[in-house]
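The lines below spell out each chain.
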Amino acid sequence: MNLFSFDFIKTTFSNIKSNKQLFSLSVATNFIAFTVLGIFFLLFVNLDILFSSWDKHIQLIVYLDDKISNPNKKKIELLFNSNDKIDSIFFVSRDQAWESFRGKFSSKSNFVTSLNFNPLPDSYTLRFASGPDRLKNIRDFSEKIKNENGVESVEYGEKWISRFEQFMIFLRGFILVFGVVLFSGMILIISNTIKLSIYSRKDEIDLMTLLGATHQYIKVPLLLEGILQGVSGSLLALVSVKLIHLYIVFWFQGSLESVFRGLEFQYLTKPIIFSVISTGIIVGVLGSSISANQFLHRHNSE
Amino acid sequence: MIRFENVGMRYGMGPEVLRDINFHLRPGSFHFLTGPSGAGKSSLLKLMYLMSRPSRGLITMFGHNMATTPRRKLPALRRRIGVVFQDFHLLDHLSAIDNVALPLRITGFNDEKVVEHAGELLKWVGLAERLQARPATLSGGEKQRVAIARAVIGRPSLLVADEPTGNVDPAMGSRLMHLFQEMNKLGTTVVIATHDVTLLKDVEASVMALENGRLSFLSRR
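Residues numbered from 1 in each chain as written. Chains lettered and ligands numbered in written order. Predicted model: local features only at pLDDT ≥ 70, side-chain atom pairs only at ≥ 80, totals over all residues. Heavy atoms only, no water.

**Points about the overall build of chain A**
Okay, so step 1: Check the secondary structure of chain A and you find ten helices and four strands.
Okay, so step 2: In sequence order, chain A lays out its α and β elements as α-α-β-α-β-α-α-β-α-β-α-α-α-α.
Okay, so step 3: Over its C-alpha trace chain A gives a radius of gyration of 31 Å, far above what one expects of a compact globule, namely 19 Å for 302 residues.
Okay, so step 4: Referenced to the eigenvectors of the C-alpha coordinate spread, the extents of chain A come out at roughly 100 × 40 × 30 Å.
Okay, so step 5: Out of the 302 residues in chain A, the part that is buried amounts to 43%.
Okay, so step 6: The contacts of chain A with a sequence gap of at least 6 include a subset with a gap of at least 24, amounting to 84%.
Okay, so step 7: Looking at chain A as shown, the accessible area adds up to about 17,000 Å², and 63% of this sits on carbon and sulfur atoms.
Okay, so step 8: Side-chain charges in chain A split into 30 positive and 26 negative, and the spacing between the mean points of these groups amounts to 3 Å. (Helix = DSSP H or I, 4+ residues; strand = E, 2+ residues; numbered from the N terminus. Rg over C-alpha atoms; globule rule 2.2 N^0.38 Å. Buried < 20%, exposed > 50% of the residue type's maximum accessible area, 1.4 Å probe, protein only. Contact = heavy atoms within 4.5 Å. Areas by Shrake-Rupley, 256 points an atom, 1.4 Å probe, with all protein chains shown as cover. Lys, Arg positive; Asp, Glu negative; His and termini not counted. Charge placed at Lys NZ, Arg CZ, Asp CG, Glu CD.)

Put into structure tokens, the structure is as follows:
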């Protein structure tokens, strides 16, 4: 008989109907667990977007030594031009830099206007082509260029980028570990719910066995019940995370935009939504299989 | 077809409730099993409908040695046996017609035909008006008739009935016995455990008697 045959589905719903409270309790527990996981995913998705948007604004500034020779300068320019990952190259002379600096800070500090020499060096601002390896390309090229003769220093906000990257790695790891703990917990919950459901129907299962029902016939409705518990919990959680997302967008989108350079607070991505639902199915199948197999194994040994 | 050789049975570590049971039931034969309460009738029937396993001896069912038959083959063998339990074993959340239809549904029969066939059988046992009734609303006799209809719906090779006429009036009792005889004529082996000696007079059958777990034949046919 087909897994989704009408008979199995009918039996599944009849089982759920006769164990409404137990089923609801399991769905509610799964819902809470998935919601917590979903909130972490929401945080992760938006931090990732934020990081990507910062990544787009990152540019490499190469400061030149004041005493750089013309051949060294040519050599450096040649290195820039030969790198096809560099989109654009802007030369900023020390005078232009000083003008720009004075324009920005003279009103805020007397110190700037009181300086009677230009402390800034000549520099190149390099923009790299966008793509997933953009940051890596910047990092690799900066490592290559910083030891060239005539280069005083390179700058692309390396320290804070590294810190943020480390934070994202930590968050990813945390979600993974936390997810595994929740996953195991949810399997345990569904497994125990199905176990209670099986024991409440022990007489019925005994009778079905005597009438010649196969293990598959007894197991499939239990598996479907477990899947329904997992999927219902995950779908409800996705709805609740969506509500949280809408709440944040409604009340805090303006502040987020101004603080984080036009960040649009996003809902979970499609792959994450798909993963949450799939996890619900897997949790349901594993949880119910464990209990059903245990019961049928014991039943056979009697 | 069904052969018991030196079969003994005990529950857990308790004393043997069946001792040295030997018999052979031919296909299409009709048997009564009698004996006082506690003699082991229900235990013997449980061995026949494959609910329990013997603690010793050899049981052969439909040509299969039950000691070596793999578990995965048991459902198919059980589907060849119709059982009328003494306490009916009806499912409370199913209607009378759904209870009767259960063995065919388990086998995967077309639902429309299953319902039609179950309905006909219930009409035949006098429950035409009670097709959708839940077991909780049925009397003892009505439950018994539903249980009998469920046992015979799959046209089993072996029909095992534990006190099948215990809760019905004499007229319905003889009607049910007639049903068992009709099935027997079609080739079903019938084993009926009963206290009712009047049944033994009306039907041509061999009579097995159990006393203190030992079986003897009062008459053979």
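Next, the rest of the story.
**Focus: the packing of aromatic side chains**
Okay, so step 1: Tallying each qualifying case throughout the model produces 17 aromatic pairs over all chains.
Okay, so step 2: Taking the centre distance of 5.4 Å and the plane angle of 80° together, the rings of B:Y49 and B:F85 count as edge-to-face. Here B:F85 lies in the loop between strand 6 (81-84) and helix 3 (96-107) and B:Y49 lies in the loop between helix 1 (41-48) and strand 4 (56-61), a separation of 36 residues in the sequence. Both residues of the pair, B:Y49 and B:F85, count as buried.
Okay, so step 3: Through successive ring pairs, a cluster of aromatic residues spans A:F80, A:F91, A:Y124, A:F128 and A:F141.
Okay, so step 4: Here the guanidinium or amino end of B:R80 rests over the ring plane of B:F62, the centre of that ring lying 4.2 Å away. (Phe/Tyr/Trp six-rings, centres within 6.5 Å; stacked < 30°, edge-to-face > 60°. Lys NZ or Arg CZ within 6 Å of the ring centre and 35° of its normal.)

**Considering the sheet that holds strand 2 (residues 16-25) of chain B**
Residues and elements named next belong to chain B.
Okay, so step 1: Spatially, 2-1-4-5 is the arrangement adopted by the four strands of the open sheet, whose pairing is antiparallel. Looking along the sheet, the strands with just one partner apiece sit at the ends: strand 2 and strand 5 (64-65).
Okay, so step 2: Packing against the sheet, helix 1 makes contact with strand 1 (2-10), strand 2 and strand 4, and its axis sits at approximately 55° to strand 2. (Pairing = 2+ DSSP bridges. Axes fitted to C-alpha atoms, helices over the stretch in contact; angles between N-to-C directions.)

**Brief notes about the domain arrangement of chain A**
Interface size is often expressed as the accessible area that is lost when the parts come together.
Okay, so step 1: For chain A, the domain assignment lists domain 1 (6-54 + 168-301) and domain 2 (59-156).
Okay, so step 2: Between the C-alpha centres of domain 1 of chain A and domain 2 of chain A there is a distance of 52 Å. (Domains from an automatic or database assignment.)

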